[in-house]
Amino acid sequence: PQAGGEDAGFAWYVTGNRDDVSTDTRGLLVLQGGGDDVDANYVRMGEFAGGGDFVVLRASGADEYNDYIHALCACDSVETVVFASREAAFDPFVLGRLGQAEAIFIAGGDQSNYVRYWKDTPVEDAIHAVAAKPAPVGGTSAGMAIMGEFAYSAMTPASLTSDVALADPYATDLTLERDFLHFAGLEGILTDQHLIERDRIGRTLTMLARLIEDGWAPAGKAVAADRETAVHLDPETGLATVYATAGHTTPYAYFILADGAPAVCRPGVPLTMPGLSVYRVGPGGGFDTRAWAGTGGIAYTFDVRDGQLTSSRGEIY
């Protein structure tokens, strides 16, 4: 580490120029469903950052991203800040690096750490300030999970599964967060990741049911992606495009809408919620999050009855 340390509660690493530069930036939101990184994320984020200073935020690992991103983004520098405590979210050095950022990317890991370390802190404010420039902000896996207005916060040791969620929408492992990160273009939207790889669509639908049942939102909307798949969203227009690593066999993003209250959503009882719409998009396809309509993909519906999930096309994914 080139700054921080155990006592400071963070580590900082930099590749490239340590001095600040100021560049013209444009807004972009990048949401990747985890797995191997999509190169286009960093090419486009670097472009939208105007080649400025690119900051990676994480709560585990070290500087593994720096050289990889620096080779793709054509940026002045790539820095990584690794958080080990909530106190680091108040550190002047950390806040200074974020204040000079033209792009921010939130790595994978355990999203509960991001909630514990950043919620209601100056780091949360700094992330919002970069997005508001506007400038690119992205995340993968746990980083994607916290970018929606609503998020699965993973505050229990066991990761929530579809089977557990569908069997009991109020299961202990179903922990939801709001009033955390807020980005233009993701209002009213829940984000989920590793969708096909970890069979998570059932948990995504159950979380949408909870948003409506608990009065958090009048309708449930989700943007969910499988591994090695990224959604690039223009926050001004609400238009999204899907990218994926070459050769990935399930390179899909899912845009899901629950526009009515669940029939049965209560503790200890399997979920019943028919008539959810889904639009599945692959690389090159698009989706308008304002009109909630897509192009180049396929549309179908989900039904959940007594905790059992079926789809109008037979295949869930």
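Caption draft 1: Region of interest: the overall build of the protein chain. When its secondary structure is counted, the protein chain shows eight helices and 19 strands. A compact globule built from 317 residues should have a C-alpha radius of gyration of about 20 Å, and the protein chain, at 19 Å, falls within 12% of that. Seen through its principal axes, the protein chain has C-alpha atoms that stretch 55 × 40 × 30 Å. For the protein chain, with 317 residues in total, the buried portion stands at 58%. Sequence-distant contacts in the protein chain: of pairs separated by 6 or more residues, those separated by 24 or more amount to 73%. Of the roughly 11,800 Å² of accessible surface on the protein chain, 49% is carried by carbon and sulfur atoms. The average position of the 21 basic charges and that of the 43 acidic charges among the side chains of the protein chain differ by 5 Å.

Caption draft 2: Summary view of the sheet that holds strand β10 (residues 189-192). Reading across from one edge, β9-β8-β10-β11-β14-β15-β18-β19 is the order of the eight strands in this open sheet, with mixed pairing throughout. Of all the strands in the sheet, just β9 (176-177) and β19 (308-311) have a single pairing partner and so form its edges. One ladder, built from two bridges, connects strand β8 (residues 150-152) with β9; its direction is antiparallel. Each residue of the ladder has a partner; that of Y152, found in β9, is L176.

Caption draft 3: Geometry of the packing of aromatic side chains. On inspection of all chains with the given rule, the structure shows 17 aromatic pairs. Where W12 meets F93, the ring centres are 5.1 Å apart and the plane angle is 80°; that geometry is what we call edge-to-face. In this pair, W12 is assigned in strand β2 (residues 10-16) and F93 in helix α3 (residues 92-99), connecting sequence segments 81 residues apart. Since its relative accessible area comes to 4%, W12 is described here as buried. On the basis of relative accessibility, which here comes to 32%, the residue F93 falls in the partly exposed class. Judged by centre distance (6.3 Å) and plane angle (85°), the ring pair of Y254 and Y317 falls under edge-to-face. Of this pair, Y254 sits in strand β14 (residues 253-258) while Y317 is found in the segment after β19, placing the two residues 63 residues apart along the sequence. Here a set of aromatic residues connected by ring pairs shows up, and it is made of Y42, F54, Y65, Y68 and F105. A cation sits over an aromatic face here: R26 above F48, 4.0 Å from the ring centre. When the ring centre of Y300 is taken as origin, the NZ or CZ atom of R313, which lies over that ring, is 5.1 Å away.

Caption draft 4: Examining the pairing of β19 more closely. Going residue by residue along β19, you find L309 and S311 tucked away on one face and Q308 and T310 left uncovered on the opposite face. Here strand β18 (residues 298-305) pairs with β19 via four bridges, running antiparallel. Looking at β19, one finds that F302 is bridged to S311. Connecting the antiparallel pair β18 and β19 is a turn made up of two residues, with D306 showing a positive phi of about 50°.

Caption draft 5: View of the nonpolar core. In this structure, F54, L57, F83, I104, W118, I127 and F255 are the most contacted members of the largest nonpolar core, which totals 66 residues. Setting aside its immediate chain neighbours within four residues, I127 contacts L57, I104, W118, V137, L181 and F183. Counting 34 residues, the second largest nonpolar core, distinct from the first, contains M207, I256, V278 and Y317.

Conventions used here
Residues numbered from 1 in each chain as written. Predicted model: local features only at pLDDT ≥ 70, side-chain atom pairs only at ≥ 80, totals over all residues. Heavy atoms only, no water. Helix = DSSP H or I, 4+ residues; strand = E, 2+ residues; numbered from the N terminus. Rg over C-alpha atoms; globule rule 2.2 N^0.38 Å. Buried < 20%, exposed > 50% of the residue type's maximum accessible area, 1.4 Å probe, protein only. Contact = heavy atoms within 4.5 Å. Areas by Shrake-Rupley, 256 points an atom, 1.4 Å probe, with all protein chains shown as cover. Lys, Arg positive; Asp, Glu negative; His and termini not counted. Charge placed at Lys NZ, Arg CZ, Asp CG, Glu CD. Pairing = 2+ DSSP bridges. Phe/Tyr/Trp six-rings, centres within 6.5 Å; stacked < 30°, edge-to-face > 60°. Lys NZ or Arg CZ within 6 Å of the ring centre and 35° of its normal. Core = buried A, V, L, I, M, F, W, Y, C linked by side-chain atoms within 4.5 Å.

Interpretation note: all reported values are geometric properties and have no functional meaning in isolation.
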